Structures are given as structure tokens and as C-alpha cells.
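Results of the structural survey
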Amino acid sequence: MTELWDELADYRPELVALCYRMTGSVHEAEDLAQETCLRAWRSRDAFEGRSSVRTWVYRIAMNVCLTALKGSGRRVLPAGLGVPGQDPDVPLAAADVLWLDPLPEDPAHVAERRSTLRLALVASLQYLPPRQRAAFLLREVLALPAEEIAEVLGTTVPAVKSALQRARARLDEVTPTPDAFVEPDSSAARAVLNTYIAAFETADIPALTRLLRDDATLEVVPSGLSLAGKAVCVPFLAAHVLTAPGHYRMFPTVANGQPAAVAYHREHLDEPFRPFGLAVLATDATHLVAITTFLDPAFVAAAGFPDDPAHVGVRR
């Protein structure tokens, strides 16, 4: 039985990523993965070995997720509330919006298919009914055959195939046309990220202007700000964010399989830097395509960084 517990522990990072794709929440995903492992351990005597341990654990995880999702609302990014705007002065989002979380990359997640963790895709998955979402993830992310998916979800193969067809049609409607996926640790992605960080730390608006693609978007959680187009994003950043050098300290990391930066901020230059949030970037390898900023200091710690940037060791 010790071997089973060790195997469950090995599955935990995979389960967290799976539950995150289902719920859009890092905190829920951690709790649901833990609940899955506990349920599997408690029901270990009922495991008859007719399927693999992996399939058995996925069945438990999906049941846990589907139960948790009953009656819950859809998690969104600001653009999901409507078409991205061109006016930074539009009313901000209501306080009761359920926001999508970013997923800071754990070293154990590196083996995961990073492209399936992209913010835009995870946000699009939230449009699917939970059982369609489960079928799609089991097929497209975990590559399970229809027969095994039917076993996991307790349904029939025809029902699985129908759910997959409807899920793919819906995703075609709501998923923006993606740029080619760029690995976050590629030299091109690192160059874009380093330029972005330098521009923010020095309030270098011309450098940021050159870096943004003409159709770049900017989203901010939880304010609900959603802007589209460099011609709108740059004036907003210049007027409200990058007003002077020295107010930000940033470090590179990875989140959602994308280049990202943790940010520390200080209101006045004689004050210490404090954790500020996490920016997740999309790039086409030469320009920034999208900036999604999560203004929550908790994501600095979640990405493995200390409260004081002076204590940051080797950058990721």
C-alpha cells in the first residue's frame, strides 16, 4: 500500500493541473487534487485493478471536480465580460465577478503540455458545461481513448463522442485564433520578457511601444480593465502605470506555460518594494501580443518568490 501512496503523490502535480483546467482556480485545484488523493487512499481496498491506477484516479478526480462545479459560476478574464474596449475610462467590473486565476509553474509541471495551460485556452474551457469540459480534457490533454473516457465519466462511448463534438464546436466559437505557441524558456520568449521587464522598471515607454504588437491587448484582474490595440494600451500605461522609473521591481518566471513576471511595487522611491502581482505575457516571439496582469500579492509567493525582492536569489 505504501507503493500506492507514493504513486498517488507522483500524480499530484498532474491532478492539480487537471483540476485547474476544470475550475480555473489554483486554490480550488490544490484542494480538489488533495481531496482526490485522500478519496483514492480511503477507497484503495475497492480498487480491483480492472483499469490502470491512472484511470481510476482520473475517475475520482473528475467526480470530485464535477461535484465542486455544481451551481458554480464561470470564471473569466476581463475580455470575457465583453469585447475588449478602446476606452480606459469605462466602468470597471462588478465585485462579484469570478476571475480566472493564473497558474504559476511548478517544476513538476514542466512535463505537462504547456500549450494546454495557456490563459486563453483555460478561459475558453470555462464556457463548456462541466461534463463536456471533462470529456475534452481527458481526450485532448490526457489523450485517453473514448472507451476509457466513458469509463472515467460513467457514460457510454457514443455519449462521449457527442460531448467531444459539441465541445470542439463551442471552443471554435469562443477561442481566439492563437499565435504559434512559443516555449517560455526559448531564447525568443526570454528576450521579449527581459525587454518588457526593463521597460517597466525604467518606465521606458518608447521601448514598450516598440515591443507591443499593433493589435496587442491589456487585461487587469480584478479591476476588469480590458483594452485592445497598442494605440490605446500605450497611452494608458504612460498615464497611469509607468509614470516614472524606479517604482517597479520585476523578476522573470513562467505561468500557464507562458513567459511571466512577478512584480514588486513602491508608491514612493524612499519606500521598500512590496509584492504587487503577476503579469502573464503572450508573445509571437518578436512582439508582445497580450499582457494579463493579476494584481494580487499572493501570486508573488505562489510563484515561489519572497516578500522582499532583495532576498530573491537566482532568477528563474
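Residues numbered from 1 in each chain as written. Predicted model: local features only at pLDDT ≥ 70, side-chain atom pairs only at ≥ 80, totals over all residues. Heavy atoms only, no water.

1. Concerning the pairing of strand β4 (residues 258–265)
Within a regular strand, the side chains alternate between the two sheet faces. With eight of eight residues buried, β4 is to be regarded as a mostly interior element. What you see with β4 is no split at all: Gln 258, Ala 260, Val 262 and Tyr 264 on one side and Pro 259, Ala 261, Ala 263 and His 265 on the other are buried throughout. Where strand β3 (residues 248–255) and β4 come together, eight bridges link them in antiparallel fashion. The residue bridging Val 254 from the neighbouring strand is Pro 259, located in β4. What sits between the antiparallel neighbours β3 and β4 is a turn of two residues, in which Asn 256 has the positive phi angle 55°. Looking at chain direction, β4 and strand β5 (residues 274–283) are connected through six bridges and run antiparallel. Bridging across to β5, Ala 261 finds its partner in Ala 279. (Buried < 20%, exposed > 50% of the residue type's maximum accessible area, 1.4 Å probe, protein only. Helix = DSSP H or I, 4+ residues; strand = E, 2+ residues; numbered from the N terminus. Pairing = 2+ DSSP bridges.)

2. Structural notes on the nonpolar core
Residues Tyr 20, Leu 138 and Leu 153 are the most contacted members of the largest nonpolar core, which totals 72 residues. It is helix α3 (residues 53–69) that contributes the most residues to this core, 11 residues altogether. In contact with Leu 153, other than residues within four places in its own chain, are Met 62, Leu 66, Arg 131, Ala 134, Ala 135 and Leu 138. Grouped together as the second largest cluster of nonpolar side chains are 31 residues, Val 192, Val 220, Val 232 and Val 234 included. (Core = buried A, V, L, I, M, F, W, Y, C linked by side-chain atoms within 4.5 Å. Contact = heavy atoms within 4.5 Å.)

3. A look at helix α7 (residues 157–174)
In an α-helix, one full turn covers 3.6 residues, which means residues spaced three or four apart are oriented alike. Over its 18 residues, α7 runs 26 Å from end to end, which matches the ideal 26 Å to within 8%, given 1.5 Å per residue. Within the span of α7, buried status applies to Val 160, Ala 163, Leu 164, Ala 167 and Leu 171. All buried residues of α7 project into a common sector of 100° when viewed along the axis, lining one side. Turned more than 90 degrees away from the buried face of α7 sit Pro 158, Lys 161, Gln 165, Asp 172 and Glu 173, all of them exposed. The residue sitting at the N-terminus of α7 and contributing the capping side-chain oxygen is Thr 156; that oxygen lies 3.2 Å from the backbone nitrogen of Ala 159. (Expected span 1.5 Å × (residues − 1). Arc of directions from axis to C-beta. Polar contact = N/O pair within 3.5 Å; in protein donor to acceptor, adjacent residues only side chain to side chain.)

4. Observations regarding the packing of aromatic side chains
How two aromatic rings sit relative to each other is given by the distance of their centres and the angle of their planes. Applying the stated criterion across every chain, the model contains six aromatic pairs. A centroid spacing of 4.9 Å and a plane angle of 40° characterise the contact between Tyr 196 and Phe 200, whose relative ring orientation is tilted. In this pair, Tyr 196 and Phe 200 both sit in helix α8 (residues 187–202), four residues apart, roughly one turn of the helix. Ring-pair connections join several aromatic residues into one group, and the members of that group are Tyr 196, Phe 200, Tyr 248 and Phe 276. Cation over ring: Arg 74 sits above Tyr 127, and NZ or CZ is 3.9 Å from the ring centre. (Phe/Tyr/Trp six-rings, centres within 6.5 Å; stacked < 30°, edge-to-face > 60°. Lys NZ or Arg CZ within 6 Å of the ring centre and 35° of its normal.)

5. What about the side chain of Thr 293?
Mapping Thr 293 onto the fold places it in strand β6 (residues 288–294). Excluding residues within four positions of it along the chain, Thr 293 makes contact with Glu 219, Val 220, Val 221, Leu 278 and Ala 279.

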